[in-house]
Amino acid sequence: MNIRKCKTCGIILGMRPNTKDTDCICSACKNAEKKKKINFKERQEWLTQYIKENKTHPVYDCLVGVSGGKDSHMIVKRLVEEHGCKNILLVNMMDEFTKTKAGEHNLSNIAERYNCDMITYRFNPKTFKEKAKEGLENDLFPLKWFEDRLYKTPFEIAQKFGIKLVFYGENAEFEYGSSETLEVFHPLSNDETKLIYLGAIWPYSIMDSLNCAREAGFRDLDYYNEWQRQGQIENYTQIDSIGYIVAVWCKFPKFGFQRVSDIACRFVRDGILTKEQAEQYISESDWILDSAAKRDLCRVIGVTEEFFDECVDKHANRDILKKDRNGNWRRKDYFPPSFWGNN
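None of the values given here were measured: they were computed from a predicted structure. (Residues numbered from 1 in each chain as written. Predicted model: local features only at pLDDT ≥ 70, side-chain atom pairs only at ≥ 80, totals over all residues. Heavy atoms only, no water.)

Novice: Looking at this model, I keep getting lost on the pattern of salt bridges. Mind explaining?
Specialist: Where charged atoms from two side chains of opposite charge come close, those side chains can pair. Scanning the model with the defined rule gives 29 salt bridges in all. With a closest N to O distance of 2.9 Å, Arg78 and Asp208 form a salt bridge. Separated by 130 residues along the polypeptide, Arg78 in helix H3 (residues 70-81) and Asp208 in helix H8 (residues 206-215) bring together distant segments of the chain. Look at Arg78 and you get buried, because its relative accessible area is 11%. Members of the salt-bridge network, linked through shared partners, are Lys5, Lys275, Glu279, Arg331 and Asp333. (Salt bridge = Lys/Arg side-chain N within 4 Å of Asp/Glu carboxyl O. Helix = DSSP H or I, 4+ residues; strand = E, 2+ residues; numbered from the N terminus. Buried < 20%, exposed > 50% of the residue type's maximum accessible area, 1.4 Å probe, protein only.)

Structure representation (structure tokens):
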């Protein structure tokens, strides 16, 4: 199989589901150019008025689904400081993995700093574990069920409370290229309840979100020096719990990219890295699964690391990957044929 890469950002082409490229430019890069033409100031003014007109609960202006991460801080900070919200109901969807000190601080900080009520929603632990194992074995996506509920459950809570407005961060479909338009409303939205992407109101970028979050007291992993992650190029995304990032890494065996590619290529679009720098990060680190995260996930869902490895092998895309001498799946295009020996 001929492995192609975006000539703008370096992401592998033809592998991300529901995306297409033109002239070797990925749809995410094309969307980044489209975003420059959007009148975000007009959208921000619209949102302030829309919130005023759609407060349906006697106490809460809106509901925000939060993990406590940088995007959660950014959303709440801007809703309060830029759009006049005074009472926000937070809903935290709890996973079963080991919490980091940074994650515990951040979740507490966001509620305390903005004086918010917060519901922590924990699914039946047995169901969580069973669904995670099922997703791992069948799709190499251990959090498939949980991530589906990340949007649906806060939305359902808002409906039961009679809160019309629900907020989340980026429109990931647009940012990663599976949608051609930066929609404000999530498809779950209906006449009674609207789920709004704040990343479609304020132009979303990782660094903008991070800087906004830090102003609100967000702490990254370096603050506590608690977890030197492998297979990552930053210390401030997906840091709330340890095992969670395994689900992100599981894209690599199937599609040839994971979080390193996602972040590095976004940094190229944002002018932080060159394409050559991004490709070096991808070549060196995208294949690596953090050992602590792997142990944490296997412990929580009750499987051995050997079982996990068997699931990876079953789903690995052999058209673009091959095992190196140490048994690690690697992208074929980053090494000469002599690298592989007899493997």
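Here the narrative resumes, following the displayed structure.
Novice: What is the right way to look at H8 in this model?
Specialist: Every α-helix carries 3.6 residues per turn, so stepping three or four residues along brings you back to the same face. Of the residues making up H8, those classed as buried are Ile206, Ser209, Leu210, Cys212 and Ala213. Buried positions in H8, seen along its axis, are confined to an arc of 165 degrees and lie on one side of it. Looking at the buried side of H8, the elements it contacts are H3 and helix H12 (259-269). (Arc of directions from axis to C-beta. Contact = heavy atoms within 4.5 Å.)

Novice: How should I be thinking about the nonpolar core in this particular structure?
Specialist: For soluble globular proteins, nonpolar side chains are generally found buried alongside one another. Membership of the largest hydrophobic core comes to 74 residues, with the highest contact counts inside it found for Cys9, Ile11, Cys26, Leu63 and Phe308. The element that contributes the greatest number of residues to this core is H12, accounting for 6 residues. Grouped together as the second largest cluster of nonpolar side chains are 33 residues, Met74, Leu90, Trp202 and Tyr204 included. (Core = buried A, V, L, I, M, F, W, Y, C linked by side-chain atoms within 4.5 Å.)

Novice: Hey, could you run me through the state of the cysteines in this one?
Specialist: In protein chemistry, a disulfide is the covalent bond that joins the sulfur atoms of two cysteines. One pass over the full model with this rule turns up 0 disulfides. Take Cys24: it sits in no disulfide, and the sulfur closest to it among the cysteines is that of Cys6, at 8.0 Å. Here Cys24 falls in the partly exposed class, since its relative accessible area comes to 31%. Cys250 carries a free sulfur, and the closest cysteine sulfur to it, the one in Cys311, is 8.9 Å from it. Residue Cys250 is classed as buried on the basis of its relative accessible area of 0%. (Disulfide = S-S within 2.5 Å.)

Novice: Even after reading the chapter, I still don't get the packing of H3 against helix H4 (residues 101-113), so can you show me in this structure?
Specialist: Any two packed helices are characterised by how steeply their axes cross, that is the angle between the axes, and by the distance between the axes. Running from amino to carboxyl end, H3 crosses H4 at an angle of 5 degrees, the nearest separation of the two axes being 10 Å. Relative to H4, the element H3 is oriented roughly parallel. Contact residues: Ser72, His73 and Val76 in H3; Asn106, Asn109 and Ile110 in H4. Residues of the contact of H3 with H4, tallied by class, amount to 2 nonpolar, 4 polar and no charged. (Axes fitted to C-alpha atoms, helices over the stretch in contact; angles between N-to-C directions. Parallel < 35°, antiparallel > 145°, perpendicular 65-115°, else oblique. Nonpolar A, V, L, I, M, F, W, Y, C, P; charged D, E, K, R; others polar.)

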